[in-house]
Amino acid sequence: MSPSPDQPPELRISEVTLRFGGVTALDRVSLTVAPGEICGLIGPNGAGKTTLFNCVTRIYRPDAGTITFGDADLTRARPHRIVRLGIARTFQNLALFPSLTVLENTLVGAHSRTPAGFTAATLGWPGTTARHRRLAAEALDILTDLGLRDDAHRPAAGLPFGTLKRVELARALAARPRLLLLDEPAGGLTHAEVADLGGLIRRLSTERGFGVLLVEHHMGMVMSISDHVVALEFGRKIADGEPAEVRNSERVVAAYLGKAS
């Protein structure tokens, strides 16, 4: 049964395998992100977390397995269609435009929702100005929600790193995602900023009704906001369950959190 229009679809990754030459980056990985759920994806560098993100967003095509989002087969979708299906993402490294303002960077995320495109709207081409004003108003609402309204007309260049992380999140929200892929959103943040970000992600998911697939090395944040957690090691899934269950798994403790003395 297809989800109702106001309910995000389910992301289902089944037996996905990806090889780079003789190296198996993902080995029959399966996981599900239910509608509106936050799924934490943990593992050390090289475990395959970002690689899995890149399969979902069609940067890579798996050698085997299936990835579906509701009724859509993502392995057959063109990369530019992924965001139009309701999937947005952030990146480990900031991918903002330093010379653009915070508002303009946020509006970039809405380009998939406008047939004319962001560039045409920005240049004021015929038929685009009214749409651009509406999108700008929505973007300002997002910035207000993220505590960035006062920075809206400031260039991204020179802003604090924690602020830029929120700008990237604002850009993803401008696409009106039904599923948000967050790739180490807390990387480089202070302890206090990490705590604030975790609460923000949980609130946004609940209020805006989207699911989240979260890659993050801050275990406290992952365990506190995730509905369930998946652990990868060398491209293989070694745990999948509620946060407490995964946190107490002997294999996960040994692989990621260090062996108990």
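This text goes with the structure placed above it.
Residues numbered from 1 in each chain as written. Predicted model: local features only at pLDDT ≥ 70, side-chain atom pairs only at ≥ 80, totals over all residues. Heavy atoms only, no water.

A.B. asks: Just to check I follow, could you spell out the side chain of N54 for this structure?
C.D. replies: Mapped onto the fold, N54 is located in helix α1 (residues 49-56). N54 sits in the buried class, given a relative accessible area of 10%. Residues in contact with N54, not counting those within four places in the same chain, are I59, Y60 and R89. (Helix = DSSP H or I, 4+ residues; strand = E, 2+ residues; numbered from the N terminus. Buried < 20%, exposed > 50% of the residue type's maximum accessible area, 1.4 Å probe, protein only. Contact = heavy atoms within 4.5 Å.)

A.B. asks: Where do I start with helix α6 (residues 161-173) in this structure?
C.D. replies: Since one α-helical turn is 3.6 residues long, residues separated by three or four positions face the same way. Across its 13 residues, α6 extends 19 Å between first and last C-alpha, which sits within 8% of the 18 Å expected from 1.5 Å per residue. The buried count for α6 comes to eleven of 13 residues, which makes it a mostly enclosed element. For α6, the complete set of buried residues consists of G162, T163, L164, K165, V167, E168, L169, A170, R171, A172 and L173. Structurally, α6 contributes buried residues whose contacts are with β6 (87-89), α3 (102-108), α5 (129-145), β7 (179-183) and α7 (191-208). (Expected span 1.5 Å × (residues − 1).)

A.B. asks: Any chance you could explain the pattern of salt bridges here in plain terms?
C.D. replies: A side chain of one charge can pair with a side chain of the opposite charge when the charged atoms of the two come close. Applying the stated criterion across every chain yields a total of 15 salt bridges. Note that E10 and R12 form a salt bridge whose closest N and O atoms lie 2.9 Å from each other. Accessibility expressed as a relative area gives 28% for E10, which makes it partly exposed. The salt bridge partner of E233 is R251, with a shortest N-O separation of 3.6 Å. Separated by 18 residues along the polypeptide, E233 in strand β9 (residues 228-233) and R251 in helix α10 (residues 250-257) bring together distant segments of the chain. Looking at R251, the relative accessible area reads 49%, which means it is partly exposed. A cluster of three or more residues bridged by salt bridges with shared partners is formed by D145, R203, E207 and R208. (Salt bridge = Lys/Arg side-chain N within 4 Å of Asp/Glu carboxyl O.)

A.B. asks: I keep staring at unusual backbone geometry and nothing clicks. Help me out?
C.D. replies: Phi is mostly negative for residues that are not glycine, and the peptide bonds are mostly trans. In the Ramachandran plot, E15 falls in the positive-phi region, its phi being about 55° despite a non-glycine side chain. By the element assignment, E15 lies in strand β1 (residues 11-20). Residue R58 is not a glycine yet carries a positive backbone phi of 70°. A residue is classified by how much of its surface remains accessible, and R58, at 11% relative accessible area, is buried.

A.B. asks: Explanation requested: the sheet that holds strand β4 (residues 64-69) in the structure shown.
C.D. replies: In a beta sheet, neighbouring strands are held together by backbone hydrogen bonds and run either parallel or antiparallel to one another. If you trace the four strands from one edge of the open sheet to the other, you get β2-β1-β4-β5, paired in antiparallel fashion. Each end of this open sheet is capped by a strand with a single partner; those strands are β2 (23-33) and β5 (72-73). Of the strand pairs in this sheet, β1 and β2 are connected by seven bridges, and their pairing is antiparallel. When the bridges of β2 are listed, L18 appears paired with L26. (Pairing = 2+ DSSP bridges.)

A.B. asks: What exactly am I supposed to notice about the sheet that holds β6 here?
C.D. replies: Read across the sheet, six strands follow the order β6-β7-β8-β3-β9-β10 without closing on themselves; strand pairing throughout is mixed. In this open sheet, the two strands that pair with only one neighbour each are β6 and β10 (236-241). Taken over all neighbouring pairs, the strand axes of this sheet differ in orientation by 15° on average, direction set aside. Pairing of strand β3 (residues 38-42) with strand β8 (residues 211-215), which is carried by four bridges, proceeds in the parallel orientation. Across the sheet, residue I38 finds its bridge partner in β8, namely V212. (Axes fitted to C-alpha atoms, helices over the stretch in contact; angles between N-to-C directions.)

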